Structures are given as C-alpha cells and as structure tokens.
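Results of the structural survey
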Amino acid sequence: MTYTYILECADGSLYTGWTDHLEKRVEAHNAGRGAKYTRSRRPVRLVYYEEYATAHDAMRREALIKRLPRVQKLALIAAGNMTEMPQEKE
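Residues numbered from 1 in each chain as written. Predicted model: local features only at pLDDT ≥ 70, side-chain atom pairs only at ≥ 80, totals over all residues. Heavy atoms only, no water.

**What about the overall build of the chain?**
For the chain, the count of helices and strands is four helices and three strands. Each helix (α) and strand (β) of the chain, taken in turn from the N terminus, gives the series β-β-α-α-β-α-α. When each of the 90 residues of the chain is scored for burial, the buried share is 37%. Across the chain, the fraction of contacts at a sequence separation of at least 24, relative to all contacts at a separation of at least 6, is 61%. (Helix = DSSP H or I, 4+ residues; strand = E, 2+ residues; numbered from the N terminus. Buried < 20%, exposed > 50% of the residue type's maximum accessible area, 1.4 Å probe, protein only. Contact = heavy atoms within 4.5 Å.)

And the structure:
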C-alpha cells in the first residue's frame, strides 16, 4: 500500500507528499529528516491521507493535490474525516 498525505506544519502551511510507510514518514518529518520544506516548520501533524495500490498512483495524486489552491486543500481535508493513522503491515 502507498499513501498520498497532507501535513499541517507548525506555521499553518500545508505540505503534500507520498510514501509507502506513512507512520515512519511522519516521524521522519518531525525528526527533521523529512522534506527540506518541513524541517523549519516542525512539528507537523498528519491531517489527511489517501491509500493507493501503486507508487505511481500515489505520486500522480500528490502532483494533483499540490496544484490545488489552499482553499481546495482545506476542503479536501475537511471532507476526508481522517481520524487515525492506518495500521501498516510489516
């Protein structure tokens, strides 16, 4: 399983990415080992994610979300009703 995700940074900005290990990736962002963008905006909080069968699909969705205006990203987050991080199988 792969994921497209949106993080809310400490400064209120939003960051979109993709990964195959969601929990580990969020931990990496908060430890300063994530994207350069999030290093100076910690802590970050996972506010939205979608699951995909392939990395290609997750990357395609990431690109689409990154092109959305902030107001549409916020609407996506509000409609997502994400309550907890998915349990990943090791």
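**Brief notes about the sheet that holds strand β3 (residues 45-52)**
Pairing between sheet strands relies on hydrogen bonds along the backbone, with the strands arranged either parallel or antiparallel. With respect to topology, three strands assemble into an open sheet ordered β2-β1-β3, the strand pairing being antiparallel. Each edge of the open sheet is held by one strand with a lone partner, namely β2 (14-19) and β3. Sheet twist, expressed as the mean angle between neighbouring strand axes with direction ignored, is 20°. With seven bridges joining them, strand β1 (residues 2-8) and β3 adopt antiparallel strand pairing. By the bridge assignment for β3, Tyr5 is matched with Tyr49. (Pairing = 2+ DSSP bridges. Axes fitted to C-alpha atoms, helices over the stretch in contact; angles between N-to-C directions.)

**Quick word on the pattern of salt bridges**
Overall, the coordinates contain five salt bridges when judged by the stated rule. Linking Glu8 and Arg45 is a salt bridge whose minimum nitrogen-to-oxygen distance equals 2.5 Å. On the criterion of sequence distance, the pair formed by Glu8 in strand β1 and Arg45 in strand β3 is long-range, its members being 37 residues apart. By relative accessible area, which is 26% here, Glu8 ends up partly exposed. (Salt bridge = Lys/Arg side-chain N within 4 Å of Asp/Glu carboxyl O.)

**Focus on the packing of aromatic side chains**
Within the structure shown, the criterion is met by three aromatic pairs. Aromatic side chains Tyr5 and Tyr15 sit 6.4 Å apart centroid to centroid with 45° between the ring planes, which places their arrangement in the tilted category. Remark: Tyr15 occurs in strand β2 and Tyr5 occurs in strand β1; sequence separation between them is ten residues. Here Tyr15 falls in the buried class, since its relative accessible area comes to 14%. Where Tyr15 meets Tyr37, the ring centres are 6.1 Å apart and the plane angle is 20°; that geometry is what we call stacked. Within this pair, whereas Tyr15 is found in strand β2, its partner Tyr37 is found in helix α2 (residues 36-39), the two being separated by 22 residues in sequence. The ring of Tyr37 carries Arg41 above its face, with NZ or CZ at 3.8 Å from the centroid. (Phe/Tyr/Trp six-rings, centres within 6.5 Å; stacked < 30°, edge-to-face > 60°. Lys NZ or Arg CZ within 6 Å of the ring centre and 35° of its normal.)

**Digging into the side chain of Thr38**
Within the secondary structure, Thr38 is located in helix α2. Within polar-contact distance, the side chain of Thr38 engages the side chain of His29 at 2.9 Å. In contact with Thr38, not counting residues within four places along its chain, are Leu7, Cys9, Tyr15, His29 and Val44. (Polar contact = N/O pair within 3.5 Å; in protein donor to acceptor, adjacent residues only side chain to side chain.)

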